[in-house]
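Coordinate inspection notes
The residues making up each chain are set out below.
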Amino acid sequence: MEGGFGSDFGSSGGGKLDPGLIMEQVKVQIAVANAQELLQRMTDKCFRKCIGKPGGSLDNSEQKCIAMCMDRYMDAWNTVSRAYNSRLQRERANM
């Protein structure tokens, strides 16, 4: 995987570790892991809510339910995320 934990992780020529580059790579990997977890939770929740009996295809009502469930889940996640980030910024400003 590009940008992963390869043999040149965090090196910037000369074999020295670049703490800034390492930190950026860790941040990217955390963001990817968070996105994967969000997608997995949303999939699990919406599947349980919308799919009565799994089959070879989704009927029209299941498709609509999945779409609406995913939209609501993402809206809620975005609202919570904005509130959390806002609170973090206020707390940092008060330090």
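Residues numbered from 1 in each chain as written. Predicted model: local features only at pLDDT ≥ 70, side-chain atom pairs only at ≥ 80, totals over all residues. Heavy atoms only, no water.

**Let's talk about the overall build of the protein**
Across its full length, the protein carries 2 helices and 0 strands. Looking at the protein as a whole, 14% of its 95 residues are labelled buried. Taking all contacts inside the protein whose residues are at least 6 apart in sequence as the whole, residues at least 24 apart take part in 31%. Of the accessible surface of the protein, which amounts to about 7900 Å², a share of 57% is contributed by carbon and sulfur atoms. (Helix = DSSP H or I, 4+ residues; strand = E, 2+ residues; numbered from the N terminus. Buried < 20%, exposed > 50% of the residue type's maximum accessible area, 1.4 Å probe, protein only. Contact = heavy atoms within 4.5 Å. Areas by Shrake-Rupley, 256 points an atom, 1.4 Å probe, with all protein chains shown as cover.)

**Some words on the side chain of E62**
Following the sequence through the fold, E62 ends up in helix α2 (residues 60-93). Among all residues touching E62, those that are not within four sequence positions of it are C50, I51, G52, K53 and S57.

**Observations concerning the state of the cysteines**
Inspection of the entire model under this criterion finds 2 disulfides. Residue pairing for C46: its cysteine sulfur links by disulfide to C69, the two sulfurs lying 2.1 Å apart. Taking the sign of the S-S torsion, -85° for the link of C46 and C69, the bridge is left-handed. With C46 in helix α1 (residues 19-50) and C69 in helix α2, the pair connects residues that are 23 residues apart, well separated along the chain. (Disulfide = S-S within 2.5 Å.)

**Overview of α2**
A rise of 1.5 Å per residue sets the reference length of α2, with its 34 residues, at 50 Å; its end C-alpha atoms lie 50 Å apart and thus fit the reference within 8%. For α2, every residue scored as buried is listed here: E62, I66, C69 and Y73. Each element contacted by the buried residues of α2 is listed here: α1. (Expected span 1.5 Å × (residues − 1).)

**Considerations on the pattern of salt bridges**
All chains considered together, the criterion is met by 3 salt bridges. Between E24 and K27 there is a salt bridge, and its shortest N-O distance comes to 3.8 Å. Within this pair, E24 and its partner K27 are both found in helix α1, separated by 3 residues, close to a single helical turn. Accessibility expressed as a relative area gives 44% for E24, which makes it partly exposed. Here K27 falls in the partly exposed class, since its relative accessible area comes to 49%. A salt bridge links R41 to E37; the shortest N-O distance between them is 2.6 Å. Here E37 and R41 lie together in helix α1, a separation of 4 residues that amounts to about one turn. (Salt bridge = Lys/Arg side-chain N within 4 Å of Asp/Glu carboxyl O.)

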